[in-house]
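# Descriptive analysis of the structure
Letter by letter, the chains look like this.
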Amino acid sequence: MLSFSSRQRYFLYRGATDMRKGFNRLSGLVRRFMKQGTLLSGDVFIFLNKRRDRIKLLVWDRDGWVVWYKVLERGTFELPRATGDSLELSFTDLQLLLAGIEITSVKRRKRYRPAA
């Protein structure tokens, strides 16, 4: 069973993606534009189509690629503001994105964070 956790890293590709792309072409986008993660690390790579009503998540799962695909019947996914080709999201931000909640309107309260 495929599951996501706060231990993984999540990278959103900010360009519009043709949702007909499969494993090889999506991993090619990661290699070309998303320098942050390594393909076989278990990091999750997120792609949206031009209308932002479809989303694909690509992840390496021990012995092969897995693509998680969602199509909205109504509405769109938010594309967070940032510069560059990609953006790292937190697990919480991914959950908000998938639930249709506008990430920029969320007020975050102070929380303890250990020094890195």
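As the structure is a computational prediction, the values presented were derived from the model and not from experiment.

### Some words on the overall build of the protein chain
Scanning the protein chain from N- to C-terminus turns up 2 helices and 5 strands. Listed N to C, the secondary structure of the protein chain is β-α-β-β-β-β-α in terms of helices and strands. A compact globule built from 116 residues would reach a C-alpha radius of gyration of about 13 Å, and the protein chain, at 14 Å, matches this within 12%. When the backbone C-alpha atoms are referred to their principal axes, the protein chain occupies close to 40 × 35 × 30 Å. Expressed as a percentage of the 116 residues in the protein chain, the buried residues total 35%. Relative to all contacts within the protein chain whose residues are 6 or more apart in sequence, the contacts with residues 24 or more apart total 56%. Of the roughly 8200 Å² of accessible surface on the protein chain, a fraction of 48% belongs to carbon and sulfur atoms.

### What to know about the pattern of salt bridges
Scanning all chains against the criterion turns up 4 salt bridges. In this structure, Arg20 engages Asp18 in a salt bridge whose closest nitrogen and oxygen atoms are separated by 2.9 Å. Of the residues examined, Asp18 reaches a relative accessible area of 31% and is grouped as partly exposed. The partner of Arg54 in a salt bridge is Asp53, and the shortest N-O contact between them spans 3.8 Å.

### Topic: the layout of surface pockets
Empty space within the largest pocket amounts to approximately 210 Å³. Around the largest pocket, the lining residues are Ser90, Thr92, Arg108, Arg109, Arg111, Tyr112 and Arg113. Per-class residue counts for the lining of the largest pocket are 1 nonpolar, 2 polar and 4 charged.

### So, the nonpolar core
In this structure, Ile46, Ile55, Phe77, Leu89, Leu94 and Leu97 are the most contacted members of the largest nonpolar core, which totals 17 residues. The set of elements that each furnish at least two residues to this core consists of strand S1 (10-16), strand S2 (44-48), strand S3 (54-60), strand S5 (86-89) and helix H2 (91-99). Among the elements that line this core, the one with the most residues is H2, at 4 residues. Sequence-distant contacts of Leu94, that is, excluding residues within four places in its chain, are made with Tyr10, Ile46 and Leu57.

### Observations regarding the environment of Glu102
Along the chain, Glu102 falls in the segment after H2. Judged by relative accessible area, Glu102 falls into the partly exposed class, the value being 45%. Sequence separation between Glu102 and Glu78 is 24 residues, and the spatial gap between their C-alpha atoms is 6.4 Å.

### So, the pairing of S2
Among the 5 residues of S2, 5 are classified as buried, and the element is accordingly described as predominantly covered. Taking every second residue as pointing to the same face, both faces of S2 are buried, with Val44, Ile46 and Leu48 on one and Phe45 and Phe47 on the other. Here 4 bridges tie S1 to S2, and the two strands are oriented parallel to one another. Note on S2: the bridge partner recorded for Leu12 is Ile46. By the bridge criterion, 5 bridges tie S2 to S3 in an arrangement that is antiparallel. Bridged to Phe45 within S3 is Leu58. Linking two consecutive strands that pair antiparallel, namely S2 and S3, is a turn of 5 residues; a positive phi of about 60° is found at Arg52 within it.

Analysis parameters
- Residues numbered from 1 in each chain as written.
- Predicted model: local features only at pLDDT ≥ 70, side-chain atom pairs only at ≥ 80, totals over all residues.
- Heavy atoms only, no water.
- Helix = DSSP H or I, 4+ residues; strand = E, 2+ residues; numbered from the N terminus.
- Rg over C-alpha atoms; globule rule 2.2 N^0.38 Å.
- Buried < 20%, exposed > 50% of the residue type's maximum accessible area, 1.4 Å probe, protein only.
- Contact = heavy atoms within 4.5 Å.
- Areas by Shrake-Rupley, 256 points an atom, 1.4 Å probe, with all protein chains shown as cover.
- Salt bridge = Lys/Arg side-chain N within 4 Å of Asp/Glu carboxyl O.
- 1 Å grid on protein atoms, 1.4 Å probe; cavity = no way out; pocket = protein on both sides within 12 Å on 5 of 7 lines; lining within 4 Å.
- Points joined across faces, edges and corners; volume = space filled by probe spheres on them.
- Nonpolar A, V, L, I, M, F, W, Y, C, P; charged D, E, K, R; others polar.
- Core = buried A, V, L, I, M, F, W, Y, C linked by side-chain atoms within 4.5 Å.
- Pairing = 2+ DSSP bridges.

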